[in-house]
Amino acid sequence: MTKPVIGFIGLGLMGGNMVENLQTRGYEMVVMGRKQEALDAVMARGNARIATTPKEMAEACDIVMLCVTTSEVVESLIYGDDGILAGIKEGATVIDFGTSVPASTRKIGADLAAKGAGMIDAPLGRTPAHAKDGLLNIMAAGDQATYDKVKPVLDDQGENVFHLGALGAGHVTKLINNFMGMTTVTAMSQAFAVADRAGVDRAQLFDIMSAGPSNSPFMGFAKKYAVDNVSDLGFSLNNANKDLGYFLKMVEDMGSRAEIAEGTSNNLQAAVDAGMGDGNVPEIFDYFMTLKS
């Protein structure tokens, strides 16, 4: 069976490695990105070309993949005058690998469906290293027929590919996951700061807490920074702050409220306002160490 032609927008660490993996597996690629170095790397591997607009990409591709930073960026790529919606082919599929607002995802999906195209939201778990080897966790959602059509490509990108139901369910699940993870890191980072102020050894606090049910990989990330001075959770405070904002918007759209998330969001925003946004999430420990009454 002939492989689909794939368009890919967003050649950052994750997206660039995803494209390399697809090229290794023999897919023809049409790409867009802001960094010339990343574009040059794609072209050097062959069987690829660069699109000048999202519309041009959509006209040439069977699947258009997005790995960009925000819902606002996704919407600009879809709805711009030279956007994906203006060029999408009947029967084509858009896959959003980013973390987006579910309501926005559903609206985009409906507008694509009106032109005979499909959409899958497929946020990711794991790291850029996993992306390069096709070993991501992929939380995919969308109607069954569209999912079945693109699943072979998703299987080439992910070790674990989950189908979560109707369009938007992937982004809902990812936002819940990130709410839990970022809240854990934030809470444990503050616990280390409080222990330090109280004269309790941070390493001993971790030994005690990790011996019980509070233990988790996210607690370990917080410990590596607060105790070992190693920051290896490759997720920035800026991204965490954005995702918590999206989580709160999602809950608000449900007619509800998430007070725990509000507290985490307030802490993340304060750290970003303090100039720490480019640092990894466990570095919020430094913010808590500076807090005054």
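Description of the structure in this document. (Residues numbered from 1 in each chain as written. Predicted model: local features only at pLDDT ≥ 70, side-chain atom pairs only at ≥ 80, totals over all residues. Heavy atoms only, no water.)

1. Here's the deal with the packing of helix 1 (residues 13-24) against helix 8 (residues 144-157)
1) Next: Remark: helix 1 packs on helix 8, axes separated minimally by 9 Å, with the N-to-C direction vectors making an angle of 110 degrees. Put simply, helix 1 runs roughly perpendicular to helix 8. In this structure, helix 1 meets helix 8 at a crossing whose hand is right-handed. Contacts between helix 1 and helix 8 pair Met18, Asn21 and Leu22 from the former with Val153, Asp156 and Gln157 from the latter. (Axes fitted to C-alpha atoms, helices over the stretch in contact; angles between N-to-C directions. Helix = DSSP H or I, 4+ residues; strand = E, 2+ residues; numbered from the N terminus. Parallel < 35°, antiparallel > 145°, perpendicular 65-115°, else oblique. Left-handed = near helix turned anticlockwise from the far one by under 90°. Contact = heavy atoms within 4.5 Å.)

2. A closer look at helix 1
1) Next: End to end, helix 1 covers 17 Å across twelve residues, agreeing with the expected 16 Å (1.5 Å per residue, within 8%).
2) Next: The element helix 1 is largely enclosed, with a buried count of nine among its twelve residues. (Expected span 1.5 Å × (residues − 1). Buried < 20%, exposed > 50% of the residue type's maximum accessible area, 1.4 Å probe, protein only.)

3. Observations regarding the packing of helix 10 (residues 202-210) against helix 11 (residues 217-226)
1) Next: One way to put it is that helix 10 packs onto helix 11 with a least axis distance of 10 Å and a crossing angle of 165 degrees. With respect to each other, helix 10 and helix 11 are oriented roughly antiparallel. Between helix 10 and helix 11 the crossing geometry is left-handed. Contact residues: Arg202, Phe206, Met209 and Ser210 in helix 10; Met219, Gly220, Lys223 and Ala226 in helix 11.

4. Describing the packing of aromatic side chains
Aromatic ring pairs: the centre-centre distance and the angle between the two ring planes describe each pair.
1) Next: Within the structure shown, the criterion is met by five aromatic pairs.
2) Next: Plain terms: the ring middles of Phe8 and Phe97 are 6.5 Å apart, the flat faces sit at 20 degrees to each other, and that makes the pair stacked. On the criterion of sequence distance, the pair formed by Phe8 in strand 1 (residues 6-9) and Phe97 in the loop between strand 5 (93-96) and helix 6 (102-113) is long-range, its members being 89 residues apart. For the residue pair Phe8 and Phe97, the accessibility class agrees, reading buried in each case.
3) Next: Between Tyr225 and Phe285, the ring centres sit 6.5 Å apart and the planes meet at 75 degrees, which makes this aromatic pair edge-to-face. With a gap of 60 residues between them, Tyr225 in helix 11 and Phe285 in helix 14 (residues 284-290) connect regions that are remote in the sequence. (Phe/Tyr/Trp six-rings, centres within 6.5 Å; stacked < 30°, edge-to-face > 60°.)

5. Thoughts on the pairing of strand 2 (residues 29-32)
1) Next: Along strand 2, one buried face is formed by Met29 and Val31 and the opposite face, lined by Val30 and Met32, is buried too.
2) Next: As paired strands, strand 1 and strand 2 are joined by four bridges and run parallel to one another. The partner of Phe8 across the bridge, within strand 2, is Val31.
3) Next: Handedness of the β-α-β unit built from strand 1, helix 1 and strand 2 comes out right-handed.
4) Next: By the bridge criterion, three bridges tie strand 2 to strand 3 (residues 48-50) in an arrangement that is parallel. Paired with Val30 across the bridge in strand 3 is Arg49.
5) Next: Each parallel crossover has a hand, and the one from strand 2 via helix 2 (residues 36-45) to strand 3 is right-handed. (Pairing = 2+ DSSP bridges. Right-handed = clockwise from strand over helix to strand, strands pointing away.)

6. Overview of unusual backbone geometry
1) Next: Positive phi is not limited to glycine here, since Asn47 has a value of about 55 degrees.
2) Next: Position of Asn47 among the secondary structure elements: in the loop between helix 2 and strand 3.
3) Next: The backbone phi angle of Arg126 is positive, close to 85 degrees, even though this residue is not glycine.
4) Next: Looking at the secondary structure, you find Arg126 in the loop between strand 7 (124-125) and helix 7 (128-132).

7. Thoughts on the pattern of salt bridges
1) Next: Per the stated rule, a full pass over the model turns up 14 salt bridges.
2) Next: Measuring nitrogen to oxygen at the nearest pair gives 2.9 Å for the salt bridge that ties Arg202 to Asp196.
3) Next: Residue Arg202 is classed as partly exposed on the basis of its relative accessible area, which comes to 24%.
4) Next: Residue Asp196 is classed as partly exposed on the basis of its relative accessible area of 29%.
5) Next: The closest approach of N and O atoms between Asp253 and Lys249, which form a salt bridge, is 2.7 Å. Of this pair, Asp253 and Lys249 both sit in helix 12 (residues 237-253), separated by four residues, roughly a single helical turn.
6) Next: What makes Asp253 partly exposed here is its relative accessible area of 43%.
7) Next: When its relative accessible area of 37% is taken as the criterion, Lys249 is described as partly exposed.
8) Next: Salt bridges sharing partners connect three or more residues here, namely Glu20, Arg45 and Lys132. (Salt bridge = Lys/Arg side-chain N within 4 Å of Asp/Glu carboxyl O.)

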